[in-house]
Each structure stands twice: as structure tokens, then as C-alpha cells.
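# Topology and contacts: notes
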Amino acid sequence: MPIKVRCKECNTSFSVKDEAEGKRVRCKECGAPVKVTAAKQSKKRSRSSKPADTDDFLATLDIDKLEDKAAKICPRCGQDVDEDDVECSHCGVDLSTGRMSEATRRKRKRKGPAVEEFYSKSWGDAFTFLKNHKGLAVKTFFYSFIASTLFFCAVFMMMWCHRTPPRAFWGFIAFVSIMAIPGWIWFIQTEVVRYALQKKDKLKRINFDFFLCSALGMKFIFWVVLFSLPAEAILGTLGYYFISNDSIPVGVILIAAGFIPTFLMFPLAMPHMTMVDSTPGWLIHKLGKIFLNLAKPAIFWCFVFVVTSLPVIGCLAAIGAVYGNGLNDFFSNVQYNSAIARDNGAKEYAEENKIKGFEEGPFVGKTPAEIDASILIAPSILWALACLFYAPSLIYNARVNGLLALHCKPDLGLITKLSETKYVSKADSQKNGAGPTPAQLAIYGVLGGIGVWLFSFVIIMAFASVAVAINMNLLIFALGLAAILFTPPLIAAVCWIMTLIELGKKDGAAKCVLGVFFAPYAYGKGWGYIKENKQMGKVMLVWTLIISYYVYAVAINFIFNQPLPGSERPENAPAEPPPPAAAGAEDPAMEGGPADPAMEAEPAEPATP
């Protein structure tokens with residue numbers, strides 16, 4: 001006899017065979033599982049009988065017969081569960097114990113999607129996002145191609161002109177133009193990540209602001225320099241040393257390796273840059289701790305970036321490998337002709353104004369080199385293709401970065417709200433004794449000045465040791481590196497004084513004096529103040545770079561005092577002959593052009609009487 005059942009999901013009634021009694025069948029309408037129970041025959045109530053009293057009905061009611069013992073429910077929330085279920089899909093408790101497992105507790109505590117879903121979901125989701133934003137990819141191609149074209153033209157004009165005002169103008173145009181490209185990358189990354197954190201799949205209309213992107217480009221470059229500085233202080237300096245000794249591949253590999261930590265931390269820094277407080281995204285030590293917990297998703301993003309950027313890398317590699325020498329000769333000839341025009345112009349000006357004692361430049365009367373612009377055709381096409389491939393790759397990788405931020409949000413430590421600042425009047429602060437007194441500030445200022453003087457003396461001694469151990473070219477490179485660290489010098493002074501003020505307030509004047517003459521003590525105490533004072537975090541970031549630089553200077557001094565294998569020379573060995581290029585510059589047979597125009601672009605030093 002067929003059994004009639006009703007689906008609880010769609011309320012559809014249908015009949016099944018009696019063989020299905022006690023089993024689960026699929027609803028013919030919605031496909032939901034339905035438990036098949038035996039039909040119960042109800043006795044017909046006699047019309048002549050009187051209605052039973054309510055109390056008698058409840059007294060005679062057999063609850064055990066009404067209970068559906070075949071159904072399985074969750075002991076915590078009472079939801080229906082399947083017989084094969086181990087955990088409740090609604091509340092997550094273990095059906096056998098009635099308690100939630102530790103793994104399920106951690107998963108539900110995240111209040112977001114699991115990290116494991118990021119690896120499988122990102123490929124298809126990012127591709128769908130790219131298809132829905134094809135217009136943004138087209139805009140990215142045109143913006144990057146126009147900005148880069150303007151940059152190359154400005155660089156050409158800067159080399160072509162030989163007077164300082166136009167060279168400065170074209171140099172400014174080149175700088176602003178090239179900064180628009182990394183600025184657009186920063187802007188797209190932060191916008192896509194922001195919308196992903198809001199669980200939105202469609203971006204609003206995004207307009208291109210040239211000067212805003214140039215400003216963001218400088219911000220991007222500063223972030224890269226800040227995060228690459230510790231590694232590049234060692235690897236970059238060694239790379240420069242190997243390049244200067246004609247070991248170009250080794251030097252390039254060392255310099256590129258110095259950017260690997262920055263590349264790995266980039267996808268973790270972008271979510272912080274979208275928050276109201278982006279401080280953790282600028283602090284290496286904080287972002288480094290986050291990277292230790294999220295190394296796998298960060299490396300996965302880098303892998304996706306490299307895979308999607310292979311066409312771009314191929315175009316750029318083809319430009320360098322096939323047309324690198326031709327482009328170098330082209331721009332060297334442009335610089336050479338500019339040097340000739342500069343010296344000839346200086347000579348004409350001296351003759352017109354009858355300047356006595358004028359010394360002619362080394363390029364007066366020389367024949368300009370012939371410039372073949374056809375060498376630019378093929379690299380320009382490859383560069384256009386690189387921009388074409390780079391545009392969709394940028395949108396795709398930005399979406400993957402947004403998904404990373406969404407799935408790893410609980411582990412990123414994002415600061416979504418700013419703490420309220422309670423303002424206290426000056427009278428109340430003085431009454432409560434908050435803050436140092438003017439006399440204490442004066443003492444701290446004097447001690448800070450002494451500390452800054454000692455600090456500067458150490459820097460000078462470090463430079464002197466490097467100069468003696470190496471050569472002037474490397475010294476210039478070290479000075480440029482130090483300029484990044486210590487420009488402006490007021491930053492170092494302010495950081496030092498702030499650390500001493502904290503020492504004086506918390507540990508007394510004696511510890512403050514100790515911090516002046518023993519910088520590692522102040523450095524270590526400053527790290528202890530970071531938890532209570534966020535401003536000290538920024539201060540200690542600067543101190544991290546400064547103290548690290550001292551270690552790097554000592555290491556560089558030791559490394560460069562060791563000669564390379566095979567480079568030892570006997571004590572009585574004759575001096576090396578001058579390079580042939582310098583000798584060829586004075587040869588009349590070389591009048592048509594220099595052996596190396598880039599080497600002769602600068603005027604000769606004036607003769608000493």
C-alpha cells in the first residue's frame with residue numbers, strides 16, 4: 001500500500017511505495033531529503049459521542065507514541081540532521097558529544113571565509129572580475145602607454161639639451177610622468193582591496209588623476225625603498241661591488257634578491273593601506289610578524305603575480321637582450337652630441353663677451369655622431385605589447401590581493417577604527433603632573449643634542465673607514481644610501497630626543513643619561529614602550545634602520561678588505577696601464593667620434609698651474 005509523505009521544505013505531498021518505509025527519499029519537487037514513516041490509521045470519532053474534556057485528553061495523551069524516534073536532531077539547537085552527519089551544519093556541535101570541537105570553534109571565531117578557500121577560489125573569481133571590468137583594463141593600457149611614452153620623450157629631450165634650465169624642466173616632466181605608473185598600480189590595488197573587504201564585486205567608476213597618481217607613485221617608491229633598505233644595504237652594496245668588477249650577472253642577481261622580502265610583503269601591506277590607520281603597513285617589524293602567520297597565502301599571491309606577468313617579463317627581457325646594446329649606443333650618441341653643443345656654445349659665448357683666460361672644453365670642434373632613430377621602432381612595439389599585457393595582469397592580481405585580504409582578515413590585524421582622543425586642558429594636565437616640566441625638557445634637549453653629536457661622529461667615522469677600505473665610487477654610493485637613511489637629519493635628532501624623553505619619564509634621569517652614551521640601551525628600552533605608545537613604534541622603526549646601518553658598515557668594511565679570489569697582485573707588480581678608451585680620446589684618428597661617448601660626456605678637469 002503506497003505511503004503518502006509531505007516535504008518540509010516545499011510542502012509538496014507525494015506517494016512512495018511501502019518498501020521505502022523507514023528510509024529517506026528525495027522530494028520530487030525540490031530534491032530535499034524526506035523521511036518516510038508508516039501511515040497511522042486513526043479511529044473515526046463517533047458523531048454521537050460527546051467531546052472529551054480537555055483535562056481528560058491531556059491525561060490520556062501518550063507522548064511516547066507521538067515522538068518520532070526515527071528522526072535525528074541536533075542536541076543543542078534542535079535542527080534536523082542527516083544520519084550520516086557528524087557535526088550540526090547550523091551550530092557546529094559534535095552530534096555524539098553535544099560539544100563544539102576546537103577546530104570548528106576556531107573556524108567560527110574567524111567570522112569570515114576560511115583561508116583554505118582562497119587558493120581554489122582566487123583563480124576563477126579573479127578571471128570573472130577581469131571580464132566584468134574589461135573597460136578598466138583598457139584604460140590601464142592607455143594610461144600606462146601614454147605616461148611611459150611621455151617619460152621616454154622627456155628623457156630624450158633632457159639628454160638632447162645642453163643648458164641647465166631646459167634639462168631641469170624635462171627632468172621634472174620625466175619624473176612626474178614615470179611616477180604615474182606605480183601610482184596607478186597603488187591606486188588600483190587599494191581600491192580593489194577596499195571593495196573586496198566590503199564584499200562587493202563591482203567597482204564604481206574610477207577616474208584617472210595624473211597628479212594624484214604621481215603623488216601615489218612617490219608614496220609607492222618610498223614604501224619600496226623603506227622595506228628594501230635593510231636587505232639592499234648588504235646585497236645591494238655587494239651587487240654594486242661585483243658590477244664594478246665586471247661581474248655583472250652576479251651583481252644583478254644580488255641586487256634583485258634584495259627586493260624579495262619587499263615583494264613577499266606587498267600583498268599583506270595593501271590591505272593596511274586601505275584602512276583609516278595604515279601604520280602597520282609601514283612598520284617592517286609588525287608586517288614581518290604578520291608574514292610569519294600568512295606566509296603561504298602571500299607566497300601564493302606572488303606565484304600568481306609571476307605567472308600572470310610572464311608575457312610582460314618576456315617583452316622586457318627581449319628589449320634588453322636583443323636591443324639593449326643598440327639603445328645604449330643611441331643614447332650615448334645623443335649625450336655625445338649634447339656635450340659637443342655645450343662646449344661649442346661655451347666657446348662662442350666666451351668669444352662674444354671676450355672672456356679672458358677661457359679654456360675650451362674637450363669636445364670643441366669635434367664632429368657630432370650620426371643618430372639612427374630606426375633602432376627605436378622594434379623596442380617601441382615590444383614596449384606597447386608589454387603595456388598591453390600588463391593592464392589585465394594588474395586588474396587580475398589586484399582582485400587576488402582583495403580575496404587574500406578578505407580570507408585572511410582576522411589574521412592581518414587591520415585597524416578599522418581610530419581610538420578616541422581625550423583632550424585635557426593645560427591647567428588640568430599641569431595639575432595632574434602629566435608630561436615633563438620645561439626644566440626637564442631643557443635637560444632632555446641638551447642630552448639629546450649631545451647624543452646627536454655622538455651619533456653624527458659615529459657616522460663620519462663609519463664613512464671614513466669605508467672610504468679607506470674601498471674607493472671613491474663606492475663611497476659615493478654609500479653616501480647616497482646614507483642620504484636615504486638620514487635625510488633630513490632632523491628626523492634622527494627628533495627620534496633620539498623622543499626616546500630620551502620616554503626614558504626620563506618612565507625610568508628617571510639616570511637612565512636617560514645612560515641612553516645618551518649607550519645607544520643600544522635606549523634602543524632596547526624604546527621597544528618596550530611601543531605597546532603603550534604607538535608613536536614610539538615609528539620612532540623605533542627609524543632606530544632599527546640606523547642601528548642596522550652601523551652593522552652593515554662594519555660588515556662592508558670587513559668584506560671589501562678581503563680581495564676576490566685571483567685578484568691578488570704581487571707587491572712589485574707594475575702599475576696598470578691607463579684604459580685604452582681614455583687614450584683613444586686624445587688620438588686625432590678618433591676625431592669622428594669617441595670610443596665610448598658616455599665616458600667623455602663630462603668636461604675635463606681644468607689644468608692646475
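Residues numbered from 1 in each chain as written. Predicted model: local features only at pLDDT ≥ 70, side-chain atom pairs only at ≥ 80, totals over all residues. Heavy atoms only, no water.

On to the overall build of the protein. Tallying secondary structure elements over the protein gives 22 helices and four strands in all. Each of the 609 residues in the protein was classed as buried or not, and the buried ones make up 35%. Here the contacts in the protein between residues at least 6 apart in sequence split such that 67% fall between residues at least 24 apart. As displayed, the protein has an accessible area near 37500 Å², and 62% of this comes from carbon and sulfur atoms. (Helix = DSSP H or I, 4+ residues; strand = E, 2+ residues; numbered from the N terminus. Buried < 20%, exposed > 50% of the residue type's maximum accessible area, 1.4 Å probe, protein only. Contact = heavy atoms within 4.5 Å. Areas by Shrake-Rupley, 256 points an atom, 1.4 Å probe, with all protein chains shown as cover.)

Here we come to a nonpolar patch on the surface. On the surface, W123, F303, F305, V306, V307, L310 and I313 cluster together into a nonpolar patch covering about 590 Å² of accessible area. Looking at the nonpolar patch, the elements with two or more residues in it are α11 (295–308) and α12 (310–353). No other element matches α11, which puts four residues into the nonpolar patch. With respect to the helices, strands and loops of the structure, V306 is situated in helix α11. For V306, a relative accessible area of 37% corresponds to the partly exposed category. (Patch = residues over 30% accessible without salt bridge, like charges linked within 9 Å, V, L, I, M, F, W, Y side chains within 5 Å. Salt bridge = Lys/Arg side-chain N within 4 Å of Asp/Glu carboxyl O.)

Turning our attention to the side chain of T279. Positionally, T279 belongs in the loop between α9 (260–273) and α10 (284–293). Assessed through its relative accessible area of 17%, T279 is described here as buried. Separated by 2.5 Å, the side chains of T279 and D277 make a polar contact. (Polar contact = N/O pair within 3.5 Å; in protein donor to acceptor, adjacent residues only side chain to side chain.)

So, about the layout of surface pockets. To locate leftover empty space, one rolls a probe as large as a water molecule over the atoms. When its volume is computed, the largest pocket comes out at roughly 1200 Å³. If you go around the largest pocket, you meet 33 residues; those closest to its centre are I185, F220, F305, L316 and Y390. The set of elements that each furnish at least two residues to the lining of the largest pocket consists of α5 (134–160), α6 (164–197), α7 (210–244), α9, α11, α12 and α13 (377–407). Ranked by residue count, the leading element in the lining of the largest pocket is α13, at seven residues. Tallied by class, the residues present in the lining of the largest pocket amount to 27 nonpolar, six polar and no charged. (1 Å grid on protein atoms, 1.4 Å probe; cavity = no way out; pocket = protein on both sides within 12 Å on 5 of 7 lines; lining within 4 Å. Points joined across faces, edges and corners; volume = space filled by probe spheres on them. Nonpolar A, V, L, I, M, F, W, Y, C, P; charged D, E, K, R; others polar.)

We now examine the nonpolar core. The biggest cluster of nonpolar side chains holds 60 residues, and the ones touching the most others in it are W184, I188, W223, L268, L287 and L412. Each residue touching W223, except ones within four places of it in the same chain, is listed here: W186, T262, M265, F266, A269, M273, G281, W282 and L287. Counting residues in each nonpolar core, the second largest holds 13 residues, with L503, Y529, I530 and M540 among its members. (Core = buried A, V, L, I, M, F, W, Y, C linked by side-chain atoms within 4.5 Å.)

Take α6 next. In this model, α6 (34 residues) spans 49 Å end to end at C-alpha, consistent with the 50 Å of a helix rising 1.5 Å per residue. At I181, α6 is bent by approximately 25°, the largest bend along its length, and proline P182 sits one to four residues beyond. With its phi angle positive at about 60°, K199 sits one or two positions after the end of α6. (Expected span 1.5 Å × (residues − 1). Bend = angle between axes of the 7 residues up to and from the residue.)

Moving on: unusual backbone geometry. Although it is not a glycine, K199 sits at a positive phi angle of roughly 60°. Here K199 shows up in the loop between α6 and α7. One non-glycine residue with positive phi stands out, namely D246, at about 65°. Mapped onto the elements, D246 comes out in the loop between α7 and α8 (248–257).

Read these as layout, nothing more, since geometry by itself doesn't imply function.
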